[in-house]
Amino acid sequence: MSLAQSLSYLSIEHYLQGETVSEIKHEYVEGQVYAMAGASINHNRISRNLLTAIAAQLPDPCEVLTSDLLVKTHANRFRYPDLVAFCEQQQGNQQFLDNPLLIIEILSKSTRQQDKGVKRTEYLALPSLQEYMLVEQDFVEVEVLRRNQGWKSENYYLGDSFKLESINVELSVVDIYRKVDNIDMLEYWAALQLHQS
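These numbers were taken from a predicted model, which means no experiment stands behind them. (Residues numbered from 1 in each chain as written. Predicted model: local features only at pLDDT ≥ 70, side-chain atom pairs only at ≥ 80, totals over all residues. Heavy atoms only, no water.)

**Let's talk about the overall build of the protein chain**
Turning to step 1, where the next piece is worked out: Each helix and strand in the protein chain was counted, giving seven helices and 13 strands.
Turning to step 2, where the next piece is worked out: Computed over the C-alpha atoms, the radius of gyration of the protein chain is 18 Å, within 12% of the 16 Å expected from 2.2 N^0.38 for a compact globule of 197 residues.
Turning to step 3, where the next piece is worked out: Dimensions along the principal axes, computed over C-alpha positions, put the protein chain at roughly 70 × 35 × 30 Å.
Turning to step 4, where the next piece is worked out: A total of 197 residues make up the protein chain; the buried ones form 43% of that total.
Turning to step 5, where the next piece is worked out: A fraction of 50% describes how many contacts in the protein chain between residues 6 or more apart in sequence connect residues 24 or more apart.
Turning to step 6, where the next piece is worked out: Put simply, the protein chain shows about 10700 Å² of open surface, and 52% of that area lies on carbon and sulfur atoms.
Turning to step 7, where the next piece is worked out: Treating the 17 positive side-chain charges of the protein chain as one cloud and the 27 negative ones as another, the clouds have centres 3 Å apart. (Helix = DSSP H or I, 4+ residues; strand = E, 2+ residues; numbered from the N terminus. Rg over C-alpha atoms; globule rule 2.2 N^0.38 Å. Buried < 20%, exposed > 50% of the residue type's maximum accessible area, 1.4 Å probe, protein only. Contact = heavy atoms within 4.5 Å. Areas by Shrake-Rupley, 256 points an atom, 1.4 Å probe, with all protein chains shown as cover. Lys, Arg positive; Asp, Glu negative; His and termini not counted. Charge placed at Lys NZ, Arg CZ, Asp CG, Glu CD.)

Pasting the structure below:
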């Protein structure tokens, strides 16, 4: 290893220690750390809507948590998905999870390529993962990939409802996008008001 490589390489142990005190979250990829950008209002609204809808229906001992929980996706890779659901009891004060059933990412222009590319590859390789869900924030589209369907994409739009089979939860696309300010939702609410008047 060259001097430049050794200076920029961070061990997993030092990375995990640093994350406990850092005000900024970082993902870890093979010795390199990458700061996570802040999220938009729409991103936070979608995250809140999903967390609320899933938590209300989730059977014990399952849990759904937001983006503060690290997921170990590989021997030397750690990610912060937007939401993650799991059903096995976690022992002690674990800093990361390695057995998610469901991972949800909320897409933006800056994250779409990563979430649909390298992260998808990492997530789908997790033996425990049963579903991967991608939610667009700039327009209305929900994509769900299921292990039992050979990871084939299924897309959902306004007016659709669907079931997350891994955790036995029903979701409505309209509920996911409640209070979200994008062109599809503005048109939807305008059409709904016109129909009601």
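**Considering the pairing of strand β6 (residues 83-86)**
Turning to step 1, where the next piece is worked out: Here β6 shows a buried face lined by Leu83 and Ala85 and a second buried face lined by Val84 and Phe86.
Turning to step 2, where the next piece is worked out: Where strand β3 (residues 63-66) and β6 come together, four bridges link them in antiparallel fashion. Looking at the pairing, Val64 lines up with Ala85 of β6.
Turning to step 3, where the next piece is worked out: Bridging between β6 and strand β8 (residues 102-107) involves three bridges; their strand directions are antiparallel. Paired with Ala85 across the strands is Leu102, a residue of β8. (Pairing = 2+ DSSP bridges.)

**A look at the sheet that holds β8**
Turning to step 1, where the next piece is worked out: The strand order β3-β6-β8-β9-β10-β11 describes an open sheet built from six strands, whose pairing is mixed. With partners counted over all chains shown, the strands left at the sheet margins are β3 and β11 (153-156), one partner each. If you compare each strand with its neighbour and ignore which way they point, the axes differ by 15° on average.
Turning to step 2, where the next piece is worked out: Pairing geometry for strand β9 (residues 131-136) and strand β10 (residues 142-146), over five bridges, is antiparallel. Each residue of the ladder has a partner; that of Glu131, found in β10, is Arg146. (Axes fitted to C-alpha atoms, helices over the stretch in contact; angles between N-to-C directions.)

**Considering the pattern of salt bridges**
Think of it this way: side chains of opposite charge can pair up when their charged atoms draw near.
Turning to step 1, where the next piece is worked out: Taken as a whole and assessed by the stated rule, the structure comprises 15 salt bridges.
Turning to step 2, where the next piece is worked out: Among the salt bridges present, the one from Glu143 reaches Arg120, with a minimum N-O distance of 3.4 Å. Remark: Arg120 occurs in helix α5 (residues 118-124) and Glu143 occurs in strand β10; sequence separation between them is 23 residues.
Turning to step 3, where the next piece is worked out: A relative accessible area of 6% means that Glu143 is categorised as buried.
Turning to step 4, where the next piece is worked out: Looking at Arg120, the relative accessible area reads 18%, which means it is buried.
Turning to step 5, where the next piece is worked out: Between Arg146 and Glu131 there is a salt bridge whose closest N-O contact spans 2.9 Å. (Salt bridge = Lys/Arg side-chain N within 4 Å of Asp/Glu carboxyl O.)

**What to know about the side chain of Glu141**
Turning to step 1, where the next piece is worked out: Along the chain, Glu141 falls in the loop between β9 and β10.
Turning to step 2, where the next piece is worked out: Although Glu141 lies buried, it forms no salt bridge, and the closest oppositely charged side chain, Lys116, sits 4.9 Å away as judged by the N-O distance.

**As for the nonpolar core**
A general feature of soluble globular proteins is that nonpolar side chains tend to end up buried together.
Turning to step 1, where the next piece is worked out: Counting 28 residues, the largest nonpolar core has Met133, Val135, Val142, Phe162, Ile176 and Tyr177 as its most contacted members.
Turning to step 2, where the next piece is worked out: Counting residues per element, the ones that place at least two in this core are α3 (41-57), β6, β8, β9, β10, β12 (161-164), β13 (169-172) and α6 (173-176).
Turning to step 3, where the next piece is worked out: In contact with Tyr177, not counting residues within four places along its chain, are Ile46, Asn49, Val135, Glu136, Phe139, Val140, Glu141, Val142, Asn182 and Met185. (Core = buried A, V, L, I, M, F, W, Y, C linked by side-chain atoms within 4.5 Å.)

**Section: unusual backbone geometry**
Glycine aside, a negative phi is what most residues show, and trans is what most peptide bonds show.
Turning to step 1, where the next piece is worked out: With an omega of 5°, the peptide bond running from Asp60 to Pro61 counts as cis.
Turning to step 2, where the next piece is worked out: Relative to the helices and strands, Pro61 is located in the loop between α3 and β3.
Turning to step 3, where the next piece is worked out: The backbone phi angle of Trp151 is positive, close to 60°, even though this residue is not glycine.
Turning to step 4, where the next piece is worked out: With a relative accessible area of 18%, Trp151 lands in the buried category.
Turning to step 5, where the next piece is worked out: Backbone geometry places Lys179, a non-glycine residue, at a positive phi of 70°.
Turning to step 6, where the next piece is worked out: In this fold, Lys179 is placed in the loop between α6 and α7 (183-196).
Turning to step 7, where the next piece is worked out: Lys179 sits in the exposed class, given a relative accessible area of 62%.

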